[in-house]
Amino acid sequence: KSITEPSQSENTISNLKTIEDKRTFLEQILKDDQMVRDSEKSYNLMVKYGNDSKEHLEYFKAQWRQDAINLQKIEGYLKEFGYPKKTELGKDAAITPWLVIHHASEIDERNRNFGFLYKAYLTEDISDSAITMYLSRTYQISFSEEFEVEGAYQLEAEINQLIQKLGLEAKKLSVENSIKN
């Protein structure tokens, strides 16, 4: 399986005119994302060659290359159209930007897309577990530790505590204000 590089023949964002064009574009990114993720293959490479082997590292490098391509496409899509509506494009298309951003390993990549994901959460285009998973992973990458909720567990409290710890409160307020207007 090869990595899907952007090409002239692919739908470019400016050519996405219809709902079907947008759905197809996003679903292809989802397929490209999943194509390079195979836990059985990863496990077999690790067992055969070792965890730190060149072969096992190449498997992850292929993921990272595809993730970078996918992130570039998703950020272009989000800039042009905003977060896809689940009711309009379907569950797979709507989950794709979240999944791609969730796979980003750089804090600035994750944080610059927080507003899109938070708005998608507020408008129910992604689930509470999706936003929590994204925020928890961002926290883990930022602080090299798992997040522990302060006080009795409540989902909304966890989300708000993570946003506060990650310094995303201003972006949160901006999104909330944009929805009110």
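In short, a report on the structure. (Residues numbered from 1 in each chain as written. Predicted model: local features only at pLDDT ≥ 70, side-chain atom pairs only at ≥ 80, totals over all residues. Heavy atoms only, no water.)

Observations regarding the overall build of the chain
So, point 1. Along the chain, the regular secondary structure elements total 10 helices and zero strands.
So, point 2. Shown N-terminal to C-terminal, the secondary structure of the chain runs as helices and strands in the order α-α-α-α-α-α-α-α-α-α.
So, point 3. Within the chain, the proportion of its 181 residues that are buried is 39%.
So, point 4. Contacts in the chain between residues far apart in sequence, at least 24 positions, make up 65% of those at least 6 positions apart. (Helix = DSSP H or I, 4+ residues; strand = E, 2+ residues; numbered from the N terminus. Buried < 20%, exposed > 50% of the residue type's maximum accessible area, 1.4 Å probe, protein only. Contact = heavy atoms within 4.5 Å.)

Considering the layout of surface pockets
The probe, sized like a water molecule, is rolled over the atoms to show the empty space still left.
So, point 1. In this structure, the largest pocket encloses a volume near 270 Å³.
So, point 2. Trp64, Asp67, His103, Ala104 and Ser105 are the residues nearest the centre of the largest pocket, which is lined by 13 residues in total.
So, point 3. Only helix H3 (54-81) and helix H5 (91-103) provide two or more residues apiece to the lining of the largest pocket.
So, point 4. With five residues, H3 is the largest single contributor of residues to the lining of the largest pocket.
So, point 5. Residue composition of the lining of the largest pocket, grouped by class: four nonpolar, four polar and five charged. (1 Å grid on protein atoms, 1.4 Å probe; cavity = no way out; pocket = protein on both sides within 12 Å on 5 of 7 lines; lining within 4 Å. Points joined across faces, edges and corners; volume = space filled by probe spheres on them. Nonpolar A, V, L, I, M, F, W, Y, C, P; charged D, E, K, R; others polar.)

Some details on the packing of H5 against helix H8 (residues 128-143)
So, point 1. One way to put it is that H5 packs onto H8 with a least axis distance of 10 Å and a crossing angle of 15 degrees. The angle between the axes of H5 and H8 places the two elements in the roughly parallel class. Like other packed secondary-structure pairs, H5 and H8 cross with a definite hand, here left-handed. Packed against H5, whose contacting residues are Trp98, Ile101 and His102, the element H8 presents Ala130, Ile131, Met133, Tyr134 and Arg137 at the interface.
So, point 2. Among the residues forming the contact of H5 with H8, the class breakdown is six nonpolar, one polar and one charged. (Axes fitted to C-alpha atoms, helices over the stretch in contact; angles between N-to-C directions. Parallel < 35°, antiparallel > 145°, perpendicular 65-115°, else oblique. Left-handed = near helix turned anticlockwise from the far one by under 90°.)

Description of unusual backbone geometry
So, point 1. In this structure, Glu124 takes a positive phi of about 65 degrees despite not being glycine.
So, point 2. Backbone geometry at Ser144 places phi at a positive 55 degrees, although glycine is not the residue there.
So, point 3. The residue Ser144 is located in the loop between H8 and helix H9 (155-165) in this model.

Description of the packing of helix H7 (residues 114-122) against helix H10 (residues 169-180)
So, point 1. Direction vectors running N to C along H7 and H10 enclose 50 degrees, while the axes themselves pass 9 Å from each other. Here H10 runs oblique to H7, going by the angle between their axes. For H7 against H10, the interelement crossing comes out right-handed. On H10, the residues touching Phe114, Gly115, Tyr118, Lys119 and Leu122 of H7 are Lys171, Lys172, Val175, Glu176 and Ile179.
So, point 2. Tallied by class, residues from the contact of H7 with H10 come to five nonpolar, one polar and four charged.

A word on the environment of Gln28
So, point 1. Checked against the element boundaries, Gln28 lands in helix H1 (residues 19-35).
So, point 2. Judged by its relative accessible area of 38%, Gln28 falls in the partly exposed class.
So, point 3. Remark: the alpha-carbon pair of Gln28 and Thr96, spanning 68 residues in sequence, is separated by 9.3 Å.
So, point 4. A polar atom in the side chain of Gln28 sits 2.8 Å from the side chain of Asp32. (Polar contact = N/O pair within 3.5 Å; in protein donor to acceptor, adjacent residues only side chain to side chain.)

Remarks on H5
So, point 1. Along its 13 residues, H5 runs 18 Å from first to last C-alpha, staying within 8% of the 18 Å computed at 1.5 Å per residue.
So, point 2. All of the buried residues in H5 are Ala93, Ala94, Thr96, Pro97, Trp98, Leu99, Val100, Ile101 and His102.
So, point 3. Those residues of H5 that are buried are in contact with H1, H3, helix H4 (86-89), helix H6 (107-112), H7 and H8. (Expected span 1.5 Å × (residues − 1).)

As for the pattern of salt bridges
So, point 1. All told, the structure shown has seven salt bridges when counted by the stated rule.
So, point 2. The salt bridge partner of Arg23 is Glu20, with a shortest N-O separation of 2.4 Å. Linking Arg23 with Glu20, this pair stays in helix H1, spanning three residues, or about one helical turn.
So, point 3. The exposure class assigned to Glu20 is partly exposed, which follows from its relative accessible area of 43%.
So, point 4. A salt bridge links Lys172 to Glu176, with the shortest nitrogen-to-oxygen separation between them at 3.6 Å. (Salt bridge = Lys/Arg side-chain N within 4 Å of Asp/Glu carboxyl O.)

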